[in-house]
Amino acid sequence: MAQNHAAPATKGADIPPVAVRAGIELQINGENYRHTGDPQMPLLWYLRDVLRLDGTKYGGEHGEGGADLVLVDGKATSAIGVTMDKLSGKQVTTVEGLVTVKGELHPLQQAFIDEDAIGCGYCTPGWLIASMDLLNRRKDPSDSDIDTLPNLCRCGCQTRVRSAIKRAAASMKQGAKA
Ligand code: FES
């Protein structure tokens, strides 16, 4: 004899409502943003996939080579290594934010061009950000200061990057006097 199976009781009523996320407010390149998605989202994916700021590159799950560096409150920080919930109230600067409001290149960007310190360009945003951090701490960086930067360049531009950072330091000192 065929058995009647009762329809499984719906569990819908037992599912607690999902709390509305408060949102994480932060500044990126001087603009205000409110992130209401996954608080565990790495900053790198927020920049690249949500905001379409794709200057910051993926350099491995541990940020090897520094291609994913951004400034967080002025300090070079791995964008893959920091999640959105750690950024409430912070100021983030990406490579796109180095250009002046008038659209002029930062002296550091110009120095990389002048010293031909760019090969394929994949590592360049990370170098620029790490160099900004360094120049904020050391107005006249030595070779050994530059060698402490975590960045790698697979195109072999390290020597020209050194020259570019020194050129930028000189240019920024000159600009500060003017
Ligand atoms: S310019 Fe190609 S990896 Fe550095």
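Residues numbered from 1 in each chain as written. Predicted model: local features only at pLDDT ≥ 70, side-chain atom pairs only at ≥ 80, totals over all residues. Heavy atoms only, no water.

In the annotation of an unreviewed UniProt entry, the entry for the protein chain reads (2Fe-2S)-binding protein, and the organism field reads Dyella lipolytica.

J.: What should I look at first to understand the domain arrangement of the protein chain in this one?
T.: A common way to report how large an interface is uses the accessible area buried once the components associate. Domain boundaries in the protein chain define domain 1 (24-96) and domain 2 (107-177). A separation of 21 Å is found between the C-alpha centroids of domain 1 and domain 2. Taken together, the contact pairs 15 residues of domain 1 with 13 residues of domain 2. Between domain 1 and domain 2, the buried area comes to about 1,100 Å², and carbon and sulfur atoms account for 66% of it. At the boundary of domain 1 with domain 2, the tally comes to three residue pairs in polar contact (both at pLDDT 80 or more). Mapped by element, the contributors of at least two residues to the side of domain 1 that touches domain 2 are β3 (69-72) and β4 (75-78). (Domains from an automatic or database assignment. Contact = heavy atoms within 4.5 Å. Buried area = accessible area lost by both parts, 1.4 Å probe. Polar contact = N/O pair within 3.5 Å; in protein donor to acceptor, adjacent residues only side chain to side chain. Helix = DSSP H or I, 4+ residues; strand = E, 2+ residues; numbered from the N terminus.)

J.: Please explain the nonpolar core as it appears in this structure.
T.: If you look at soluble globular proteins, the nonpolar side chains tend to sit buried side by side. Within the largest apolar cluster, 25 residues are counted, with the highest numbers of intra-cluster contacts made by L108, F112, W127, L149, V161 and I165. Counting residues per element, the ones that place at least two in this core are β3, α2 (107-114), α3 (124-137) and α5 (158-177). No fewer than three residues from each of domain 1 (24-96) and domain 2 (107-177) sit in this core. Ignoring sequence-local partners within four residues, the contact set of L108 consists of L128, S131, M132, L135, I165 and A168. One finds I28, L43, L47 and V72 within the second-largest nonpolar core, a separate group that totals 16 residues. (Core = buried A, V, L, I, M, F, W, Y, C linked by side-chain atoms within 4.5 Å. Buried < 20%, exposed > 50% of the residue type's maximum accessible area, 1.4 Å probe, protein only.)

J.: Looking at this structure, how should I read the UniProt feature "domain: [2Fe-2S]-binding" (unreviewed entry) in the protein chain?
T.: As recorded in UniProt, the sites labelled "domain: [2Fe-2S]-binding" (unreviewed entry) are residues 94-166. Helix makes up 49% of residues 94-166 and strand 0%. Its end C-alpha atoms lie 21 Å apart. (UniProt positions renumbered as here; feature names shortened; annotations may be inferred.)

J.: Please explain α2 as it appears in this structure.
T.: Along an α-helix, residues three or four apart share an orientation, since each turn contains 3.6 residues. Inspection of α2 places L108, Q109, A111 and F112 among the buried residues, and these make up the whole buried set. Relative to the axis of α2, the buried residues are bounded by an arc of 160° and lie together on one face. The inward-facing, buried residues of α2 abut α3 and α5. Once α2 ends, the next one or two residues include D116, with phi positive near 55°. (Arc of directions from axis to C-beta.)

J.: When you look at a nonpolar patch on the surface in this model, what are you seeing that I'm missing?
T.: On the surface, L105, I113 and I118 cluster together into a nonpolar patch covering about 240 Å² of accessible area. Within the secondary structure layout, L105 lies in the loop between β5 (91-93) and α2. (Patch = residues over 30% accessible without salt bridge, like charges linked within 9 Å, V, L, I, M, F, W, Y side chains within 5 Å. Areas by Shrake-Rupley, 256 points an atom, 1.4 Å probe, with all protein chains shown as cover. Salt bridge = Lys/Arg side-chain N within 4 Å of Asp/Glu carboxyl O.)

J.: I would appreciate a short explanation of the pairing of β3 in the present structure.
T.: Regular strands have side chains that alternate between both faces of the sheet. Neither face of β3 is left uncovered, since the one carrying L69 and L71 and the one carrying V70 and V72 both have all their residues buried. With four bridges joining them, β3 and β4 adopt antiparallel strand pairing. Counted as the bridge partner of L71 is A76 from β4. What sits between β3 and β4 in their antiparallel hairpin is a turn of two residues, with D73 showing a positive phi close to 50°. With two bridges joining them, β3 and β5 adopt antiparallel strand pairing. Looking across to β5, one finds that L71 is bridged to T93. (Pairing = 2+ DSSP bridges.)

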